Amino acid sequence: MGIACCKEDPIDFTQEVELQHFHLLRSVGKGAFGKVRVVQHKGTQAIYALKYINKAKCIKMRAVENIIQERRLLEEVECPFVCNLRYAFQDDENLFMILDLMLGGDLRFHLDRMGMLKESMVKFYTAEVACGLFYLHSKKIVHRDLKPDNVLLDEKGHAHLTDFNIAVHFREEKPLTAVAGSMAYMAPEVLNKKGYFATVDWWSLGVLAYEMAFGKRPFRAKTNDGLTQAILQDDLEFPGNVRDLVSQECIDALKEFLRRDVTKRLGCKDAGGKERLQADPWFKGYNWEAMEKMEGEPPFVPDAKRANFDATHELEELLLEDNPLKAKPRKKKKAGEEDTPYTAKEGEDPSVTRDMRIMEEKFIVYDFTKTRRAALPQQSLTMASISNLPGSVPGVSTLPQDSSMHRDVMEGREDAVDMTGVDTQASTQHHSRVAGSRIDTDHHPLPDVASVQARRASPS
Ligand SMILES: Nc1ncnc2c1ncn2[C@@H]1O[C@H](COP(=O)(O)OP(=O)(O)OP(=O)(O)O)[C@@H](O)[C@H]1O
């Protein structure tokens, strides 16, 4: 009897994907919105990263549209230089996104540890991120929040873009105007509010490359106004011993990325785009054909024997989480009820009810094995990849995942969220958030949510 009660019910994997289809493993990260855990699909044994966001917190932080937008954009993306979306679903409490798992840690983690990176690393990550940006821009998506925190390394040391929270579609005929992003990485054309396109990502890549090379950002100030002025006006300066640190070609490339004139900025379409960037003397000797296929040799392989993330996330989850994540069945729909099972609680603020319904309707289920899209090799991670991490869950079998699952490209969507306004909220990590935002509804029709959030780096 006792034995029978401990046995899990068999799972029907032909049914819609849900949390119960996964084993929940280690906690590896925490962002302002979500928490990230390693999970293993109980059917295929494949391992992934699960990003989950509490719905009530999401509403409180006015991030509903951002999360929906992130899920929507990721559905359109399939690129080796991106943490691709594999599944999306929700339960009554949380929104879930299952992404390719990156075990090498984010660039912020490595920068914090190493202080600054070797030029070979700076060049390699800049080149791989550039490959990711060319892909996104070809799909008319601008990331807008490129920074070390949002570049993750896989276990081999390849770079992948993540956090599409404030990414949007852009159209050549109508510039974006919202002040969105992490302030220290924002391009001058975002801050001067004259309108911008994908050029902003190339500026941010310049700031990222500079920070990797010298361990500090090119434009710094003690206040947001000071930082805005520095980005808009200050001369680009380099550390006194710059030539001891990097080559002249590196300095020149950084100058080219950090040009205020977008018609001259390295990477930008009007400055020769991909062709010009790939021909830049800094990348001399790079085999771009191989780089684009992710066949370049990473100059640094993250240590697989140690956790490449802040282990306090795991401790927090164990010690402080009063509502630990677990698979819960959804509330049953009552007879005659429509597809939206959310029923307002007594005394609930109508705006909360509305946001709950929006999430229910718009954060739709995604399953990469059922939605056929462009075939691309999936990250072939196995339990072996994580089983030797300190503190890994013992006794889980090492099975290869099924990499035969592909998907076809879905139709692009043109809806996008724009944000304006900045606040002076203090940053707890490397960024603070932008409040008092607005959705550019005349440009991109969206559900009736009047506020969204973006974030920016703290000034110094
Ligand atoms: N696919 C992944 N594989 C491994 N770790 C990941 C993955 N995605 C995110 N992480 C870890 O979790 C952290 C938080 O994730 P993410 O930045 O996506 O959350 P967020 O709430 O959107 O963050 P933000 O505060 O930037 O809005 C990352 O910095 C990274 O360390």
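Residues numbered from 1 in each chain as written. Predicted model: local features only at pLDDT ≥ 70, side-chain atom pairs only at ≥ 80, totals over all residues. Heavy atoms only, no water.

Counted only if it meets this: UniProt positions are given in the numbering used here, feature names are shortened, and annotations may be inferred rather than shown by experiment.
By the naming in an unreviewed UniProt entry, the protein goes by Kinase-like protein and is assigned to Geranomyces variabilis. Turning to the protein, the UniProt record has this under Sequence similarities (unreviewed entry): "Belongs to the protein kinase superfamily."

**Considerations on the overall build of the protein**
Our working rule: We count a stretch as a helix when DSSP gives it H or I for four or more residues in a row; a strand needs E for two or more, and each element gets its number in order from the N terminus. Three exposure classes are used, based on accessible area relative to the maximum for each residue type with a 1.4 Å probe and protein chains only: buried under 20%, partly exposed in between, and exposed over 50%. Whether two residues are in contact is decided by their heavy atoms: any pair within 4.5 Å suffices. For accessible areas, the Shrake-Rupley method is used with a probe of radius 1.4 Å. Any residue's cover is judged against the shown protein chains and nothing else.
When helices and strands are counted, the protein shows 15 helices and 12 strands. The burial tally for the protein puts 56% of its 460 residues in the buried class. If you take every contact in the protein between residues at least 6 apart in sequence, the share linking residues at least 24 apart comes to 70%. For the protein, the accessible area works out to roughly 20400 Å², and carbon and sulfur atoms hold 51% of it.

**Some thoughts on unusual backbone geometry**
At R62, a position not held by glycine, the phi torsion is positive, near 50°. As for its placement among the helices and strands, R62 is situated in the loop between α2 (55-60) and α3 (64-76). Residue R144 is not a glycine yet carries a positive backbone phi of 70°. With respect to the element layout, R144 can be found in the loop between β6 (141-142) and β7 (151-153).

**Let's talk about the pairing of strand β4 (residues 85-90)**
What counts here: What makes two strands pair is DSSP finding at least two bridges between them.
Burial analysis of β4 places six of its six residues in the buried class, the great majority of the element. In this structure, β4 lies alongside strand β5 (residues 94-99), joined through five bridges in antiparallel fashion. Note that in β5 the partner of L85 across the bridge is L99. Counting the residues between successive antiparallel strands, the hairpin from β4 to β5 contains three residues.

**Focus: the packing of aromatic side chains**
Counted only if it meets this: The criterion for an aromatic pair is that two Phe, Tyr or Trp rings (for Trp, the six-membered ring) have centres within 6.5 Å, with stacked assigned to planes under 30 degrees apart, edge-to-face to planes over 60 apart and tilted to the rest.
If you walk through the whole model with that rule in mind, you get 16 aromatic pairs. Ring geometry for F22 versus F89: centroids 6.2 Å apart, planes at 10°, classification stacked. Of this pair, F22 sits in strand β1 (residues 22-30) while F89 sits in strand β4, placing them 67 residues apart in sequence. As far as the burial class goes, F22 and F89 line up, both buried. Taking 5.4 Å as the distance between ring centres and 80° as the angle between the ring planes, the aromatic pair formed by Y87 and F368 counts as edge-to-face.

**Notes on the site of the ligand**
Operational definition: For each residue, the test is whether any non-hydrogen atom lies within 4 Å of the molecule or strand; if one does, the residue is near. As used in this structure description, the phrase polar contact means that two N or O atoms lie within 3.5 Å; if the pair is within protein, one of them must be able to donate a hydrogen and the other to accept it, and residues adjacent in sequence are counted only when both atoms belong to side chains. Each residue receives one of three labels: charged for Asp, Glu, Lys and Arg, nonpolar for Ala, Val, Leu, Ile, Met, Phe, Trp, Tyr, Cys and Pro, and polar for the others, Gly being one of them.
Neighbouring residues of the ligand: 22 residues in total, closest A32, G34, K51, D100 and D163. K51 is positioned such that a nitrogen or oxygen atom in its side chain is 2.7 Å from an oxygen atom of the ligand. Here M102 contributes a backbone N or O atom positioned 3.0 Å from a nitrogen atom of the ligand. Protein coverage of the free-state accessible area of the ligand, which is 620 Å², stands at 93%. The biggest single contributor to the shell around the ligand is β1, with three residues. The residue makeup of the shell around the ligand, split by class, is nine nonpolar, five polar and eight charged.

**Focus on the sheet that holds strand β2 (residues 35-41)**
Note the threshold: Axis geometry follows a simple rule: fit a line to the C-alpha atoms, using only the stretch in contact for helices, then measure angles between N-to-C directions, giving values from 0 to 180 degrees.
Read across the open sheet, the six strands follow the order β1-β2-β3-β5-β4-β10; overall the sheet is antiparallel. The strands lining the two open edges of the sheet, one partner per strand, are β1 and β10 (366-367). Sheet analysis places β2 next to strand β3 (residues 47-54), joined by six bridges and oriented antiparallel. Paired with V39 across the strands is Y48, a residue of β3. Here α3 sits on the sheet and contacts β3, β4, β5 and β10; the angle it forms with β5, its principal contact strand, is near 25°.

**Re the packing of helix α4 (residues 107-114) against helix α7 (residues 199-214)**
Under the convention used in this document: An angle counts as roughly parallel when it lies under 35 degrees, as roughly antiparallel when it exceeds 145, as roughly perpendicular when it falls between 65 and 115, and as oblique in every other case.
Where α4 contacts α7, the two axes come as close as 9 Å, and the packing angle between them is 30°. Taken together, the axis directions place α4 and α7 in an arrangement best described as roughly parallel. Contacts between α4 and α7 involve L107, R108 and L111 on the former and, on the latter, L208, E211 and M212. Counted by class, the contact of α4 with α7 contains four nonpolar, no polar and two charged residues.

**Overview of the UniProt feature "binding site: ATP" (unreviewed entry) in the protein**
As recorded in UniProt, the feature "binding site: ATP" (unreviewed entry) lies at K51. By the element assignment, K51 lies in strand β3. Classification of K51 as buried rests on a relative accessible area of 11%. Excluding its chain neighbours within four sequence positions, the residues that come into contact with K51 are K35, V36, E70, L95, F96, M97, L99, D163 and N165.

**Details of the side chain of E128**
Let me state the cut-off plainly: Neither His nor the chain termini are counted; the positive set is Lys and Arg, and the negative set is Asp and Glu. Think of a salt bridge as a Lys or Arg side-chain nitrogen and an Asp or Glu carboxyl oxygen that are within 4 Å of each other.
Along the chain, the position of E128 falls in helix α5 (residues 119-138). Buried and without a salt bridge, E128 has K156 as its closest oppositely charged side chain, separated by 11 Å. Here the side chain of E128 touches H158 through a polar contact of 2.7 Å, side chain to side chain. Once residues lying within four places of it in the same chain are set aside, the contact partners of E128 are F81, H158, A159, M291 and M294.

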